[in-house]
Amino acid sequence: MKKMFFALMCVICSLTFLSCNKSGTSVKDLDPKSLDNTVEKCWECTYKYAGASATEYMWGTESVVVYAMQQTPMGEWTYKPASAKDPDACEDLNPDADDLLD
C-alpha cells in the first residue's frame, strides 16, 4: 500500500509543476456515492496528462477508488477491474519505487 501511495504522490507532485490544463473526464463526473461501496477488489487505474500516462493498481471498493482519483485536480483517469484477488497481489502489480526512478 505504501508503494502505491508513494508512486501516486510522485505523479501528483510532478504534475503540479506542469501547466494547468483541465480536461473533462468521465471519472470527474461520476458520483462516488452512487457506485458500489461494498465489494472490495483490485482496480487498474490509468492517469493521463500532458501526453504522458501512468498506471497504478488500487485495492478498494469502486466508490473509494473513484473518490481517490477525483482528488487529482487535472488530467484524466480511467479505471477497470484487475485480475488480482487480494490486497497483497494487487500491490504486487505496481512497479517498485526504484523502477520509477530509473
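Every value quoted in this text rests on a predicted model; they were computed, and no experiment measured them.

Trainee: Pulling in residues and values, what's your account of the state of the cysteines?
Mentor: In total, this model carries one disulfide according to the counting rule given. The partner cysteine of Cys 42 in its disulfide is Cys 90, sulfur to sulfur 2.2 Å. Its torsion about the S-S bond being 75°, the disulfide of Cys 42 and Cys 90 is classed as right-handed. Taken together, the residues span a long stretch of sequence, with Cys 42 in strand β1 (residues 41–49) and Cys 90 in helix α4 (residues 87–92) at a distance of 48 residues. Its relative accessible area of 0% is what places Cys 42 among the buried residues. Given the relative accessible area of 1%, Cys 90 is considered buried. Free of any disulfide, Cys 45 has its nearest cysteine sulfur in Cys 42, 8.1 Å distant. Taking the relative accessible area as the measure of exposure, Cys 45 reaches 0% and is therefore buried.

Trainee: Go over the packing of aromatic side chains, please, and point to the residues and values.
Mentor: This structure, assessed with the given rule, holds two aromatic pairs. Measuring from centroid to centroid gives 5.5 Å for Trp 43 and Tyr 79, while their planes differ by 65°, and the two rings are edge-to-face. Of this pair, Trp 43 sits in strand β1 while Tyr 79 sits in strand β3 (residues 76–81); the two residues are 36 residues apart in sequence, bridging distant segments of the chain. Look at Tyr 79 and you get partly exposed, because its relative accessible area is 21%. For the pair Tyr 47 and Trp 77, a centre-to-centre distance of 4.9 Å together with 50° between the ring planes defines the contact as tilted. Of this pair, Tyr 47 sits in strand β1 while Trp 77 sits in strand β3, and the two are 30 residues apart along the sequence. Its relative accessible area of 4% is what places Tyr 47 among the buried residues.

Trainee: Please give an account of the pairing of β1 that cites residues and values.
Mentor: For β1 and strand β2 (residues 52–60), the ladder comprises nine bridges, and the chain directions are antiparallel. The residue of β2 that forms the bridge with Tyr 49 is Ala 52. Between β1 and β2, which follow one another and run antiparallel, lie two residues, and Ala 50 among them has a positive phi close to 50°. Two elements, β1 and β3, share six bridges in a ladder whose sense is antiparallel. For Trp 43, the partnering residue across the bridge sits in β3 and is Pro 81.

Definitions and cut-offs
Residues numbered from 1 in each chain as written. Predicted model: local features only at pLDDT ≥ 70, side-chain atom pairs only at ≥ 80, totals over all residues. Heavy atoms only, no water. Disulfide = S-S within 2.5 Å. Helix = DSSP H or I, 4+ residues; strand = E, 2+ residues; numbered from the N terminus. Buried < 20%, exposed > 50% of the residue type's maximum accessible area, 1.4 Å probe, protein only. Phe/Tyr/Trp six-rings, centres within 6.5 Å; stacked < 30°, edge-to-face > 60°. Pairing = 2+ DSSP bridges.

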